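# Fold and geometry: a report
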Amino acid sequence: MAGLPAWVWWGPLAGAAVAAVLLLTARRRTTAPPPDPALAGVPLQITGLTKRYGKSGDRYAVRDLSFAWNRARCSACSGRTARARRPPCAC
């Protein structure tokens, strides 16, 4: 096509070449390690969670939060739109 600039043709070809290189050189997934038997009854575990406000070096929303959620627990969080008279779950 006579009126199109060269980048219209070379841009997609260069993108396809970069994608091919990334696909061919990417690390392959390995099998996941077996789960820890000590955590078999813990569906959720958070360790060392920290959330800091953007440009502040010393203001934290959460600092070093750790907890484990056991299977035997039954709880729910409800906001303003939830039905207040209905129990969240039957334990």
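Residues numbered from 1 in each chain as written. Predicted model: local features only at pLDDT ≥ 70, side-chain atom pairs only at ≥ 80, totals over all residues. Heavy atoms only, no water.

## With respect to the overall build of the protein chain
Basically, it comes down to this: Every helix listed is a DSSP run of H or I at least four residues long, and every strand listed is a run of E at least two residues long, numbered separately from the N terminus. Contacts are assigned to residue pairs with any non-hydrogen atoms lying within 4.5 Å of each other. Computed by Shrake-Rupley with a 1.4 Å probe, the accessible areas treat only the displayed protein chains as cover when residues are assessed.
The secondary structure content of the protein chain amounts to one helix and two strands. Reading the helices (α) and strands (β) of the protein chain from amino to carboxyl end gives α-β-β. Taking as baseline every contact in the protein chain between residues at least 6 positions apart, the subset at least 24 positions apart corresponds to 26%. Surface accessibility of the protein chain: about 9000 Å² in total, with carbon and sulfur atoms responsible for 60%.

## As for the confidence of the model for the protein chain
Put simply, the rule is: What pLDDT reports is the predictor's confidence in each residue, on a scale of 0 through 100.
In this model, the protein chain carries an average pLDDT of 77, and 75% of its residues clear a pLDDT of 70 or more. Helix α1 (residues 6-25) holds the highest mean pLDDT among the elements of the protein chain, 90, whereas strand β2 (residues 60-69) holds the lowest, 86.

## Notes on the packing of aromatic side chains
Note the following rule: In summary, the pairing rule links any two rings of Phe, Tyr or Trp, Trp by its six-membered ring, whose centres are within 6.5 Å, and it sorts them by plane angle into stacked for under 30 degrees, edge-to-face for over 60 and tilted for everything else. Distance and angle both matter: a charge sits over a ring if NZ of Lys or CZ of Arg is within 6 Å of the ring centre and within 35 degrees of the ring normal.
Applying the stated criterion to the full structure yields zero aromatic pairs. The lysine or arginine in question, Arg 59, covers the ring of Tyr 53, its NZ or CZ lying 4.9 Å from the ring centre.

## With respect to unusual backbone geometry
To be explicit about the condition: Relative accessibility under 20% of the residue-type maximum defines a buried residue, over 50% an exposed one, and the middle range a partly exposed one, all with a 1.4 Å probe and only protein chains included.
A positive phi is found at Asp 64, a non-glycine position, where the angle reads about 55°. Tracing the sequence through the fold places Asp 64 in strand β2. Its relative accessible area of 56% is what places Asp 64 among the exposed residues.

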